[in-house]
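Each chain, letter by letter, is given below.
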Amino acid sequence: MTGFNTRLIHGKNINDNQTGAVNMPIYNSSTYQYPTIDGNVRWDYARSGNPTREFLEKQIALLENGAQGFAFASGMAAIHAVFAIFKPGDHIIIGDQIYGGTYRLIEQYFAVQRLQFTTVDTRDITAVEHAITPVNKAIYFEPVTNPLLHVTSVKQIAQIAKQHQILTIVDNTFLTPYLQRPLDLGADMVVHSATKYLGGHSDVIAGLVVTKTKALGQRVYFIQNALGGVLSPESANLVRRGMQTLSIRMDRQQANAVKLIDFLTKRTEVAVIHYPGVHGTTDNQIAAAEFDGFGGVLSFELQKNVDATKFLNQLRLIKLAVSLGAVESLAELPFEMSHAELPVAKRIQAGITPQLVRLSVGIEDAADLIADLAQSFDFVAASQNSTPRLRSSERQII
Ligand SMILES: Cc1ncc(COP(=O)(O)O)c(C=O)c1O
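Conventions used here
Residues numbered from 1 in each chain as written. Predicted model: local features only at pLDDT ≥ 70, side-chain atom pairs only at ≥ 80, totals over all residues. Heavy atoms only, no water. Near = heavy atom within 4 Å. Polar contact = N/O pair within 3.5 Å; in protein donor to acceptor, adjacent residues only side chain to side chain. Areas by Shrake-Rupley, 256 points an atom, 1.4 Å probe, with all protein chains shown as cover. Helix = DSSP H or I, 4+ residues; strand = E, 2+ residues; numbered from the N terminus. Nonpolar A, V, L, I, M, F, W, Y, C, P; charged D, E, K, R; others polar. Buried < 20%, exposed > 50% of the residue type's maximum accessible area, 1.4 Å probe, protein only. Lys, Arg positive; Asp, Glu negative; His and termini not counted. Salt bridge = Lys/Arg side-chain N within 4 Å of Asp/Glu carboxyl O. Contact = heavy atoms within 4.5 Å. Pairing = 2+ DSSP bridges. Core = buried A, V, L, I, M, F, W, Y, C linked by side-chain atoms within 4.5 Å. Domains from an automatic or database assignment. UniProt positions renumbered as here; feature names shortened; annotations may be inferred. Expected span 1.5 Å × (residues − 1). Buried area = accessible area lost by both parts, 1.4 Å probe.

**Considering the site of the ligand**
With respect to spatial proximity, the complete set of residues near the ligand consists of Ser74, Gly75, Met76, Ile79, Tyr99, Glu142, Asp171, Thr173, Ser193, Thr195, Lys196 and Ala206. A distance of 2.8 Å separates an oxygen atom of the ligand from a polar atom in the side chain of Ser193. In the environment of the ligand, an oxygen atom lies 2.7 Å from a nitrogen or oxygen atom belonging to the side chain of Lys196. Notes on the ligand: free accessible area 390 Å², of which the protein chains cover 89%. Residue contributions to the shell around the ligand peak at 3 residues, all from helix H3 (residues 75-83). The residue inventory of the shell around the ligand, partitioned by class, reads 4 nonpolar, 5 polar and 3 charged.

This is how it looks when you write it as structure tokens:
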């Protein structure tokens with residue numbers, strides 16, 4: 001097989017190109033002509049199949065080493081399709097720090113459809129095993145959580161799941177197949193918000209599913225075609241194009257993340273840094289064993305007397321926004337923004353404090369990002385006139 005970068009660029013030719021165009025064209029036709037009433041056609045109706053979408057579906061299946069890929073109108077539509085393959089009464093274990101929108105879908109939609117769920121900290125393998133019931137069908141989790149970047153071993157979860165003959169389903173949005181291939185580690189299905197790193201330019205909303213087997217693929221295809229939440233050809237093209245530069249973008253994002261962490265570690269305003277690449281933690285050990293890189297998202301806790309709102313409002317280059325994974329750096333305050341829907345007590349219990357800042361690191365020059373953070377720290381210090389002075393040895397790095 002060719003290398004990962006070669007596969008990123010070329011995907012899998014589906015031989016539909018009559019012109020010699022080096023890229024898969026955007027096919028906007030909603031329907032396709034039959035040669036005769038009994039003619040055997042490859043395409044008939046674009047909800048059921050579209051060449052531009054299929055190129056992307058094959059591309060992601062190739063990169064994740066899966067049997068089949070499916071493209072949806074959003075990450076949430078992809079996640080909905082995955083849960084929709086189960087029946088009323090089925091039980092599913094879910095990670096306790098999954099994306100809030102996924103939690104809302106489960107709690108306010110699928111629970112009403114009589115799927116049963118148990119929420120577990122998936123880092124605790126014993127707790128996961130104890131939560132398995134006779135009607136359990138799957139374990140669903142994110143190997144790197146948001147915004148605290150906790151790490152769960154896909155290998156360990158998949159091992160337990162196999163013993164109990166249940167499915168392992170992984171939301172691989174944060175790592176992408178460039179940094180982790182969950183199917184190779186034993187998982188059965190992977191979902192993506194392709195809105196993030198795969199698209200990579202904050203200009204498209206999209207979701208992807210990859211199944212390890214054709215049999216699982218048939219179940220997902222039934223939902224995709226029956227419910228119809230498909231990705232448009234234009235959006236499929238944007239994700240296809242974004243994915244071609246995935247590895248070079250992520251290389252720069254990770255290199256920049258390391259430089260920002262070096263800077264943040266030296267700042268007295270910063271109490272704790274969360275990043276899977278920070279040594280000496282269990283999270284780091286698992287990440288080192290199962291990831292090919294630590295990713296481009298980090299979060300950090302400001303000291304109690306540093307005004308987090310002022311700090312974020314003062315950023316000039318780094319944009320204040322809730323998404324992540326794009327070429328531009330984005331910052332946010334999870335307590336007030338991405339995780340504001342959670343009740344305050346739950347936010348605090350989960351470690352999402354009003355002092356926690358999340359950074360999605362872009363591909364700008366690291367020196368400019370550092371200068372932006374520095375001017376913002378200095379502004380807050382000047383306006384508060386009382387920057388805390390902790391020796392670095394007193395600071396806790398997670
Ligand atoms: C980890 C994760 N999964 C799924 C989603 C949902 O994807 P979308 O916003 O594309 O519907 C998000 C969105 O932020 C996410 O961060």
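**Some remarks on the side chain of Arg347**
By the element assignment, Arg347 lies in helix H13 (residues 344-349). Within the buried set, Arg347 has no salt-bridge partner at all; the shortest N-O distance to an opposite charge, 5.3 Å, is to Glu336. Excluding anything up to four places from it in sequence, Arg347 contacts Phe335, His339, Ala340, Leu342 and Ile352.

**Overview of the pairing of strand E12 (residues 356-360)**
Buried residues dominate E12, accounting for 5 of its 5 residues. Side chains Leu356, Arg358 and Ser360 of E12 all project onto a buried face; the interleaved residues Val357 and Leu359 project onto the opposite face, where all are buried too. Strand direction decides the pairing type here: strand E9 (residues 297-302) and E12, joined by 5 bridges, are antiparallel. If you follow Leu298 over to E12, its bridge partner there is Leu359. Note that strand E11 (residues 330-332) and E12 share 3 bridges and pair antiparallel. By the bridge assignment for E12, Glu332 is matched with Arg358.

**Looking at the nonpolar core**
With 50 residues, the main nonpolar core has Leu56, Ile139, Leu198 and Val239 as its most contacted residues. Among the domains, domain 1 (4-244) and domain 2 (246-394) are the pair contributing at least three residues each to this core. Setting aside anything within four residues of it in sequence, one finds Leu198 in contact with Ile60, Thr176, Pro177, His192, Leu208, Val239, Gly242, Met243, Leu246 and Arg249. Counting 28 residues, the second largest nonpolar core, distinct from the first, contains Ala257, Leu298, Phe311 and Leu312.

**Thoughts on the UniProt feature "modified residue: N6-(pyridoxal phosphate)lysine" (unreviewed entry) in the protein chain**
This chain's UniProt record puts "modified residue: N6-(pyridoxal phosphate)lysine" (unreviewed entry) on Lys196. Considering the arrangement of structural elements, one finds Lys196 in the loop between strand E6 (189-193) and strand E7 (207-211). Sequence-distant contacts of Lys196, that is, excluding residues within four places in its chain, are made with Thr173, Ser323, Leu324 and Gly325. A distance of 3.0 Å separates the side chain of Lys196 from the side chain of Ser193, its partner in a polar contact.

**Details of helix H9 (residues 233-244)**
What sets the pattern is the α-helix's 3.6 residues per turn: residues three or four places apart point alike. For H9, built from 12 residues, the straight-helix expectation of 16 Å at 1.5 Å per residue is met to within 8% by its first-to-last C-alpha distance of 17 Å. A large share of H9 lies buried, amounting to 9 of its 12 residues. Where H9 is concerned, the buried positions are Pro233, Ser235, Ala236, Asn237, Val239, Arg240, Gly242, Met243 and Gln244. Contact partners of the buried residues in H9: helix H1 (4-10), helix H2 (51-63) and helix H10 (246-266).

**Focus: the domain arrangement of the protein chain**
Entries for the protein chain in the domain assignment read domain 1 (4-244) and domain 2 (246-394). For domain 1 versus domain 2, the separation of C-alpha centres amounts to 28 Å. The partner domain 2 presents 38 residues to the 36 residues of domain 1 that form the contact. In total, domain 1 and domain 2 occlude about 3100 Å² of area from one another, counting both sides; carbon and sulfur atoms represent 57% of this. Linking domain 1 with domain 2 are 1 salt bridge, by the criterion used here. The residue Arg181 makes a salt bridge to Asp292 at a minimum N-O spacing of 2.7 Å. Our enumeration of links across domain 1 and domain 2 arrives at 16 residue pairs in polar contact (both at pLDDT 80 or more). For the side of domain 1 that touches domain 2, the secondary-structure elements that each account for two or more residues are H1, helix H4 (100-110), helix H6 (154-163), helix H7 (176-179) and H9.

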